[in-house]
Amino acid sequence: DVKVTQSSRYLVKRTGEKVFLECVQDMDHENMFWYRQDPGLGLRLIYFSYDVKMKEKGDIPEGYSVSREKKERFSLILESASTNQTSMYLCASITPLGGGDRGYTFGSGTRLTVV
Amino acid sequence: GIQVEQSPPDLILQEGANSTLRCNFSDSVNNLQWFHQNPWGQLINLFYIPSGTKQNGRLSATTVATERYSLLYISSSQTTDSGVYFCAVERITNNNDMRFGAGTRLTVKP
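The rules behind each value
Residues numbered from 1 in each chain as written. Chains lettered and ligands numbered in written order. Predicted model: local features only at pLDDT ≥ 70, side-chain atom pairs only at ≥ 80, totals over all residues. Heavy atoms only, no water. Helix = DSSP H or I, 4+ residues; strand = E, 2+ residues; numbered from the N terminus. Buried < 20%, exposed > 50% of the residue type's maximum accessible area, 1.4 Å probe, protein only. Contact = heavy atoms within 4.5 Å. Areas by Shrake-Rupley, 256 points an atom, 1.4 Å probe, with all protein chains shown as cover. Buried area = accessible area lost by both parts, 1.4 Å probe. Salt bridge = Lys/Arg side-chain N within 4 Å of Asp/Glu carboxyl O. Polar contact = N/O pair within 3.5 Å; in protein donor to acceptor, adjacent residues only side chain to side chain. Nonpolar A, V, L, I, M, F, W, Y, C, P; charged D, E, K, R; others polar. Phe/Tyr/Trp six-rings, centres within 6.5 Å; stacked < 30°, edge-to-face > 60°. Disulfide = S-S within 2.5 Å. 1 Å grid on protein atoms, 1.4 Å probe; cavity = no way out; pocket = protein on both sides within 12 Å on 5 of 7 lines; lining within 4 Å. Points joined across faces, edges and corners; volume = space filled by probe spheres on them.

**Q** Can you walk me through the overall build of chain B in this structure?
**A** The helix and strand inventory of chain B stands at 0 helices and 11 strands. If one aligns the C-alpha atoms of chain B with their principal axes, the spans along those axes are about 45 × 25 × 20 Å. Burial statistics for chain B: of 110 residues in total, 50% are counted as buried. Pairs at least 24 residues apart make up 55% of the contacts formed inside chain B by residues separated by at least 6 positions. Accessible surface for chain B amounts to roughly 5100 Å². Of this, 46% is attributable to carbon and sulfur atoms.

**Q** Looking at this structure, I do not really get the interface of chain A and chain B. What am I missing?
**A** Think of interface size as the accessible area that goes away when the parts come together; that is how it is often given. Across the contact, 26 residues belong to chain A and 21 residues belong to chain B. When chain A packs against chain B, close to 1800 Å² is buried across both sides, 49% of that on carbon and sulfur atoms. Looking only at chain A, the three residues that lose the most surface to chain B are A:Arg102, A:Tyr104 and A:Phe106, adding up to 31% of its buried area. At the surface where chain A touches chain B, the tally comes to 1 salt bridge. Among the salt bridges present, the one from B:Arg99 reaches A:Asp59, with a minimum N-O distance of 2.6 Å. The interface formed by chain A and chain B includes 6 residue pairs in polar contact (both at pLDDT 80 or more). Elements with a contribution of two residues or more to the side of chain A that touches chain B: strand E4 (32–38), strand E5 (42–49), strand E9 (87–98) and strand E10 (101–106) of chain A. Sort the elements by how many residues they give to the side of chain A that touches chain B and E10(A) lands first, with 5 residues. Split by residue class, the side of chain A that touches chain B holds 12 nonpolar, 9 polar and 5 charged.

**Q** Help me understand the packing of aromatic side chains, please; the structure alone is not making it clear to me.
**A** All names here are of chain A. Under the criterion given, the structure shown has 12 aromatic pairs over all chains. Judged by centre distance (5.8 Å) and plane angle (20°), the rings of Phe 33 and Phe 48 are stacked. Placement of the pair is Phe 33 in strand E4 and Phe 48 in strand E5, with a sequence separation of 15 residues. The same class applies to Phe 33 and to Phe 48, which are both buried. Ring geometry for Phe 33 versus Tyr 104: centroids 4.9 Å apart, planes at 25°, classification stacked. Here Phe 33, found in strand E4, pairs with Tyr 104, found in strand E10; they are 71 residues apart in sequence, far enough to count as distant. For the pair Phe 33 and Tyr 104, one class covers both residues: buried.

**Q** Would you take a moment to explain the state of the cysteines for this structure?
**A** Each disulfide consists of a covalent bond between the sulfur atoms of two cysteine residues. Inspection of every chain in the model, using the stated rule, returns 2 disulfides over all chains. Here A:Cys23 pairs with A:Cys91 through a disulfide, and the sulfurs are 1.8 Å apart. Taking the torsion about the S-S bond as the criterion, the A:Cys23 to A:Cys91 disulfide, at about -75°, is left-handed. Here the residue A:Cys23 occupies a position in strand E3 (residues 19–25), and A:Cys91 occupies one in strand E9, the gap between them amounting to 68 residues. Classification of A:Cys23 as buried rests on a relative accessible area of 0%. Residue A:Cys91 is classed as buried on the basis of its relative accessible area of 0%. In this model, B:Cys23 is linked to B:Cys87 through a disulfide, with the two sulfur atoms separated by 2.0 Å.

**Q** Is there a simple way to explain the layout of surface pockets in this structure?
**A** Empty pockets left among the atoms are what a rolling probe the size of a water molecule brings to light. Within this model, the largest pocket holds a volume of roughly 510 Å³. A:Gln37, A:Pro39, B:Gln37, B:Val84 and B:Arg105 are the residues nearest the centre of the largest pocket, which is lined by 27 residues in total. Contributing elements (two or more residues each) for the lining of the largest pocket: E4, E9 and strand E11 (110–114) of chain A together with strand E9 (83–91) and strand E11 (104–109) of chain B. The residue inventory of the lining of the largest pocket, partitioned by class, reads 10 nonpolar, 12 polar and 5 charged. Of the pockets and cavities examined, the second largest pocket occupies roughly 230 Å³. What lines the second largest pocket is A:Leu41, A:Leu43, A:Arg44, A:Asp59, A:Ile60, B:Gly1, B:Ile2, B:Gln3, B:Val4, B:Glu5, B:Arg99 and B:Phe100. When residues of the lining of the second largest pocket are traced back to their parent elements, those giving at least two are E5 of chain A together with strand E1 (4–7) and strand E10 (98–100) of chain B.

And the structure:
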């Protein structure tokens, strides 16, 4: 099975701190994604990457940056954490499902609280 | 950008009941998926269904791409079906980036 691993399940950071959220996938997938999930809003796309050193902004990139130095690792960076970035963060990569289908595999999420 | 609307936002069922969840989307899409998020937050892919009908046990899904909607059917619901169901669509680009609806929160009572 494909595994997408997020380094922390829970994280508490102070306002103004630089925060790194790490995501690693083990199947050499090219496409990786970072979403944040908030009640009533579903999952919103922050950034995605379709290759090493490539990145594209999603719908809500403000206050975030990303790094993809190796294919298996996609990092989300909060340059200066703010309380409105308190959220659940989910990483995903694309998984072939067979027969031409494809789907997403999600990590288990990082619940970040900024105080 | 593309809009994805799910209904109903909340659904409470008695165990054994059937239900239909709906997903409307505002533009043509390459891909549509249904996900289940369990109470521990893990998202599991249920169906990849850009068009047509698929079935997997008590779950089935139908997407009518020309009319821009998809339906997820849950039959003989069980308490383990509880959680949030998300519909997500992939725009017609080369980057496979998906947009999610706000979800339907399903509670199945014993």
